[in-house]
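Read off the chains here:
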Amino acid sequence: MEEYKTVEFESSDSFIEKKSKFIGYVKPVKSQQEAVDFINAIKSKHWDATHNVYAYVLRENNIQRYSDDGEPGGTAGVPVLDVLLKEGLQDVCVVATRYFGGTLLGAGGLVRAYSHTSKIAVESGNIITMAQCSIMSVGVDYSFYERLNVLLSSHNANIINTDFADNVTVTFSVKEDGVEKLREKLIDISNGKYDIKYIESRFAKV
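Residues numbered from 1 in each chain as written. Predicted model: local features only at pLDDT ≥ 70, side-chain atom pairs only at ≥ 80, totals over all residues. Heavy atoms only, no water.

A. Structural view of unusual backbone geometry. Look at Asp69: it is not a glycine, yet its phi comes out positive at around 45°. Mapped onto the elements of the fold, Asp69 is located in the loop between strand S5 (63–67) and helix H2 (77–86). In this structure Asp69 comes out as partly exposed when scored by relative accessible area, which is 30%. A positive phi is found at Asn191, a non-glycine position, where the angle reads about 50°. Its place among the elements puts Asn191 in the loop between helix H5 (179–189) and strand S10 (197–205). (Helix = DSSP H or I, 4+ residues; strand = E, 2+ residues; numbered from the N terminus. Buried < 20%, exposed > 50% of the residue type's maximum accessible area, 1.4 Å probe, protein only.)

Below, the structure is given as structure tokens:
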């Protein structure tokens, strides 16, 4: 079963190195257009920055792109991309913004600084594993809601939405190979009162 790692949400982090400020931005993206839009948004936000270096990796066609944005070749975009590849991340874009502080870092210093910028960016975006999952829902009485939560947790299901109305309807994702075990257990502990309903299949957090 195919799995891949990405980041869960858009985020950023920053640090100072010899008076230069580095800000790392990260965002999960699904297409080159999404990546370019994100890069352009950061460039607009930091129009006055010395450099806006970027790298992104897409699952579709295994696309990898990077830019040094004026830094010496190989000292900026490549280190940012290397972090994404070493972490095994896909469908992710990082922009590393630098405000020059007056002290030259040298080639080795730049590589380390941009690697660190990329690393703290992806860590702030929360690295998650995505896998082919079944999106399911189940409606239960309030009296059964706690037991359902425990059951879903024990089967590594991720709750997507909980709707509290006359009863509680929980929408969740679970890896496809875990659906039947979960269904059997639910039917067993509810004495056949509840069953799960299939909605769709898609990549989701596991």
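Once you've had a look at it, read on.
B. Spatial organisation of the packing of aromatic side chains. Applying the stated criterion to the full structure yields seven aromatic pairs. Measuring from centroid to centroid gives 6.2 Å for Tyr54 and Tyr56, while their planes differ by 15°, and the two rings are stacked. Counting every residue linked through ring pairs, the aromatic cluster contains Phe15, Phe22 and Tyr114. In this structure, Arg59 is placed above the aromatic ring of Phe203, and the distance from its NZ or CZ to the ring centre is 4.4 Å. (Phe/Tyr/Trp six-rings, centres within 6.5 Å; stacked < 30°, edge-to-face > 60°. Lys NZ or Arg CZ within 6 Å of the ring centre and 35° of its normal.)

C. How the structure looks around the environment of Thr171. If you trace the backbone, Thr171 turns up in strand S9 (residues 168–175). The spacing of Thr171 and Asn158 is 13 residues in sequence and 8.7 Å in space, taken between C-alpha atoms. Contact partners of Thr171, with chain neighbours within four places excluded, come to Ile135, Met136, Ser137, Asn158, Ile159, Ile160, Asn161 and Ile199. (Contact = heavy atoms within 4.5 Å.)

D. Local environment of the nonpolar core. Ranked by internal contacts, the top residues of the largest apolar core, which has 23 residues, are Val26, Val80, Leu84, Val94, Tyr114 and Val122. Elements supplying a minimum of two residues to this core: strand S3 (20–28), strand S4 (51–58), H2, strand S6 (92–99) and helix H3 (106–124). Counting residues per element, this core draws most heavily on H3, at six residues. In contact with Tyr114, not counting residues within four places along its chain, are Phe22, His51, Val53, Glu71, Thr75, Ala76, Pro79, Val80, Ala96 and Arg98. With 18 residues, the next largest nonpolar core counts Val138, Leu151, Val170 and Leu186 among its residues. (Core = buried A, V, L, I, M, F, W, Y, C linked by side-chain atoms within 4.5 Å.)

Treat this as a map of the structure, not an account of what it does.
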